[in-house]
Amino acid sequence: MKLLFSKRSPLSVQLFIALTLALTLIVLDINYRPFKEVRYYLDTIISPLYNVSNAPKSSFDSLYEMSKTQEALINENNKLQETLMQQKSDLLLLEHLKHENDRLRGLLGSPLRHDEHKMAAQVLLADTDPYVYQVVINKGKNNGVYVGQPVVDEKGIVGQIYQTAQSTSRAILVCDYQHAIPVQVLRNDISMVAVGNGCSNDLTLDFLPNNVDIKVGDVLVTSGLDGRFPEGYPVAVVSSVKLDISDSTPIISATPTADLKRLRYLLLLWGEQGVKHDGE
């Protein structure tokens, strides 16, 4: 095979001839159709090589996009999970707030009388002493709270204020061993005294006549005889009526109407004693 350039040809001559051939081929490719067809067929023949040479890069790009997509999906899923948990938490809080709102509405709309001055208070602490049944509330002397002030909830008498501080007070519950409250039977106005017997037990009724007309299910309300508790507020419901075998005296127990084990919001009442106290 004869070479286009001999080893003895000068480099300048070789460069000139190469450039001349290149320019000639460019001119022929532009102006003559056969050359375009030849290039078309050549491109068609070698096109699979393009795909083969590009395959590693395409595979890498596809894997990269897949990994990015998977990572994006994982991040999006995590965000959705966080959002869902937050919304569930908000829903639980909403239900809690709704429940408390209903309780406050019931509390402020009751009990039986609406002509007295009332103030809502929140229970801050319940006494853990097994022989002392008291709670601490978030109202004190700054709010006009006074010792002996009646405390109720939406179901009836809870107790009375035992001690006061500037911004808090301590209330003794009707079930406390130290607490006693004059009551009367709503059905027939028979008077007696309901004495605390521990919150795990019912109240005990004292100062009863031997032939007292009282039966299970009778509602006991405040009699107002002590001048401290307003008359007519529910205190308890008679749960047991028995006779003492030794002297035939009645032994009567009554369950408090207030839910003393689940106190959260209370009402403070201002009666005549409270008005006098404010005026002092």
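Residues numbered from 1 in each chain as written. Predicted model: local features only at pLDDT ≥ 70, side-chain atom pairs only at ≥ 80, totals over all residues. Heavy atoms only, no water.

With respect to the nonpolar core
Next, step 1: Ranked by size, the top nonpolar core spans 44 residues in total, and within it Ile-214 and Leu-220 carry the most contacts.
Next, step 2: Ranked by the residues each element gives to this core, the list is headed by strand β12 (residues 265–270), at 5 residues.
Next, step 3: Beyond its immediate sequence surroundings of up to four residues, Ile-214 is in contact with Val-185, Arg-187, Met-192, Leu-205, Leu-220, Val-238, Val-241 and Ile-252. (Core = buried A, V, L, I, M, F, W, Y, C linked by side-chain atoms within 4.5 Å. Buried < 20%, exposed > 50% of the residue type's maximum accessible area, 1.4 Å probe, protein only. Helix = DSSP H or I, 4+ residues; strand = E, 2+ residues; numbered from the N terminus. Contact = heavy atoms within 4.5 Å.)

Quick look at the pattern of salt bridges
Next, step 1: As enumerated under the stated definition, the model contains 3 salt bridges in all.
Next, step 2: Asp-127 is the salt-bridge partner of Arg-170, the closest N and O atoms lying 3.1 Å from each other. Pair noted here: Arg-170 is in strand β5 (residues 169–173) and Asp-127 is in the loop between β1 (117–126) and β2 (134–137), with a separation of 43 residues, a long-range link.
Next, step 3: We note a salt bridge from Arg-187 to Asp-218, for which the minimum N-O separation is 2.8 Å. (Salt bridge = Lys/Arg side-chain N within 4 Å of Asp/Glu carboxyl O.)

Points about the packing of aromatic side chains
Next, step 1: What the rule picks out here adds up to 1 aromatic pair.
Next, step 2: Summarising the aromatic geometry, the rings of Tyr-133 and Tyr-177 are spaced 6.2 Å apart at their centres and angled 50° between planes, so their arrangement reads as tilted. Taken together, the residues span a long stretch of sequence, with Tyr-133 in the loop between β1 and β2 and Tyr-177 in the loop between β5 and β6 (180–185) at a distance of 44 residues.
Next, step 3: Residue classification places Tyr-133 among the buried positions, given a relative accessible area of 16%.
Next, step 4: Judged by its relative accessible area of 40%, Tyr-177 falls in the partly exposed class. (Phe/Tyr/Trp six-rings, centres within 6.5 Å; stacked < 30°, edge-to-face > 60°.)

A closer look at the side chain of Asp-153
Next, step 1: Structurally, the position occupied by Asp-153 is in strand β3 (residues 150–153).
Next, step 2: For Asp-153, which is buried and forms no salt bridge, the nearest opposite charge comes from Lys-155, at a distance of 6.4 Å.
Next, step 3: Within the structure, Asp-153 has its side chain in polar contact with the backbone nitrogen of Lys-155 (distance 2.8 Å). (Lys, Arg positive; Asp, Glu negative; His and termini not counted. Polar contact = N/O pair within 3.5 Å; in protein donor to acceptor, adjacent residues only side chain to side chain.)

Considerations on the sheet that holds β3
Next, step 1: Spatially, β1-β2-β5-β4-β3-β12 is the arrangement adopted by the 6 strands of the closed barrel, whose pairing is antiparallel. The mean angle between the axes of side-by-side strands here comes to 45°, regardless of whether they run parallel or antiparallel.
Next, step 2: Here 3 bridges tie β1 to β2, and the two strands are oriented antiparallel to one another. What sits directly across from Val-123, in β2, is Ile-137. (Pairing = 2+ DSSP bridges. Axes fitted to C-alpha atoms, helices over the stretch in contact; angles between N-to-C directions.)

What to know about the side chain of His-179
Next, step 1: Note on placement: His-179 falls in the loop between β5 and β6.
Next, step 2: On the basis of relative accessibility, which here comes to 1%, the residue His-179 falls in the buried class.
Next, step 3: A polar contact of 2.9 Å, which involves the side chain of His-179, links it to the side chain of Gln-160.
Next, step 4: Leave out the neighbours within four places in its chain, and His-179 touches Gly-159, Gln-160, Ile-172, Leu-173, Val-174, Ala-194, Val-195, Gly-196 and Phe-229.

Side note on the environment of Leu-263
Next, step 1: One can find Leu-263 in the loop between β11 (250–256) and β12.
Next, step 2: Expressed as a C-alpha distance, the spacing of Leu-263 and Leu-125, which sit 138 residues apart in the sequence, is 9.9 Å.
Next, step 3: Contact partners of Leu-263, with chain neighbours within four places excluded, come to Val-123, Asp-153, Val-158 and Leu-173.

Some words on the confidence of the model for the protein
Next, step 1: When pLDDT is averaged along the protein, the result is 79; 71% of the residues meet or exceed 70.
Next, step 2: At the low end of the mean pLDDT range in the protein sits helix α3 (residues 272–279), at 49; at the high end sits β5, at 95. (pLDDT = per-residue confidence, 0-100.)

Quick look at the sheet that holds β11
Next, step 1: Strand order in the closed barrel made by the 6 strands is β6-β7-β8-β11-β10-β9, with antiparallel pairing throughout. The average angle at which neighbouring strand axes cross in this sheet is 45°, direction not considered.
Next, step 2: Direction of pairing for strand β7 (residues 191–195) relative to strand β8 (residues 203–206): antiparallel, over a ladder of 3 bridges. Following the sheet pairing, Ala-194 is matched in β8 by Leu-205.

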